[in-house]
Amino acid sequence: MNETMVCAVGNVATQPVYRDLASGASARFRLAVTSRYWDREKNTWTDGHTNFFTVWANRALATNVGASLTVGEQVIVQGRLKVRTEMRDGQSWTSADIDAVAIGHDLARGTSAFRRSAGPLKGEAAVSSRPEPSWETPVAGEGGVGAQQRREPAAVT
């Protein structure tokens, strides 16, 4: 309940490693997050410090990570931040992990084609059979039930 939730935007730095364990699927990869700032003296954007996180995904998310992500892709990761400090050979090492809840491609930097998984995986609830609601805008002047729907084009930039 008192966990630190983070949202990190960055690049997949290592090829995701997928494991099928007795407790369920697991995947991990390194995420590189580089800050950028406007350098007034150079009049250009400049890269700042890069932070690296180990991202952990479990169950269905792990399966989809293994099938969807490759090195260099820009992604958005949301999850629980875990910072660990340990002693190795007399030196203190600190690592930051993200236990992912959601991972997706960053559509501000490119396109992606979503494909729904084949079916509910073991331990997941089945998808509802109810139809999707209509999100289309009704034609002006016709606001009642059964009114004609007007499709609005989506802009792609």
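Small disclaimer: the values here were computed from a predicted structure and weren't measured.

Engineer: I'd like to hear about the pairing of strand S4 (residues 44-58), residue by residue, with values.
Structural biologist: A regular strand carries its side chains on alternate faces of the sheet. Note: strand S3 (residues 24-39) against S4, 13 bridges, orientation antiparallel. Bridge pairing in S4 links Ser26 to Asn58. In sequence, S3 turns back onto S4 through a hairpin of four residues, with Asn43 there showing a positive phi of about 60°. The pairing of S4 with strand S6 (residues 91-105) spans three bridges and is parallel. Bridge pairing in S6 places Val55 opposite Ile98.

Engineer: With reference to specific residues and values, describe the side chain of Asp106.
Structural biologist: With respect to the element layout, Asp106 can be found in the loop between S6 and strand S7 (137-138). For Asp106, a relative accessible area of 11% gives the class buried. Within the structure, the side chain of Asp106 is placed 3.1 Å from the backbone nitrogen of Ala108, a separation counted as a polar contact. Once residues within four sequence positions are removed from consideration, Asp106 is found in contact with Val9, Gln74, Val75 and Ile76.

Engineer: Give a detailed account of helix H1 (residues 59-68), specifying residues and quantitative values.
Structural biologist: Listing the buried residues of H1 in full gives Ala60, Leu61, Ala62 and Val65. On its buried side, H1 packs onto strand S2 (17-21), S3, S4 and S6.

Engineer: Which residues make up the nonpolar core, and what are the values?
Structural biologist: By size, the foremost hydrophobic cluster in this structure holds 20 residues, and its most contacted members are Phe29, Leu31, Val55, Val65, Leu69, Val77 and Ile103. The element contributing the most residues to this core is S3, with five residues. Setting aside residues up to four positions removed in sequence, Phe29 forms contacts with Val12, Thr14, Pro16, Phe53, Thr54, Val55, Val65, Leu69, Val77 and Ile103.

Engineer: Mind laying out the confidence of the model for the chain, listing which residues take part and the relevant values?
Structural biologist: When pLDDT is averaged across the chain, the result is 85; 75% of the residues are at 70 or more. Taken element by element, the chain is modelled with least confidence in strand S8 (residues 149-150), mean pLDDT 52, and with most confidence in strand S1 (residues 5-12), mean pLDDT 97.

Engineer: An account of the pattern of salt bridges is requested, with residue identities and associated values reported.
Structural biologist: Under the criterion given, the structure shown has seven salt bridges. Residue Arg84 is joined to Glu86 by a salt bridge in which the shortest nitrogen-to-oxygen separation is 3.5 Å. Taking the shortest distance from any N to any O, the salt bridge between Asp97 and Arg84 comes out at 3.2 Å. Placement of the pair is Asp97 in strand S6 and Arg84 in strand S5 (residues 74-88), with a sequence separation of 13 residues. Look at Asp97 and you get buried, because its relative accessible area is 9%. Overlapping salt bridges, with partners in common, bring together Arg84, Glu86, Arg88 and Asp97 in one network.

Conventions used here
- Residues numbered from 1 in each chain as written.
- Predicted model: local features only at pLDDT ≥ 70, side-chain atom pairs only at ≥ 80, totals over all residues.
- Heavy atoms only, no water.
- Pairing = 2+ DSSP bridges.
- Helix = DSSP H or I, 4+ residues; strand = E, 2+ residues; numbered from the N terminus.
- Buried < 20%, exposed > 50% of the residue type's maximum accessible area, 1.4 Å probe, protein only.
- Polar contact = N/O pair within 3.5 Å; in protein donor to acceptor, adjacent residues only side chain to side chain.
- Contact = heavy atoms within 4.5 Å.
- Core = buried A, V, L, I, M, F, W, Y, C linked by side-chain atoms within 4.5 Å.
- pLDDT = per-residue confidence, 0-100.
- Salt bridge = Lys/Arg side-chain N within 4 Å of Asp/Glu carboxyl O.

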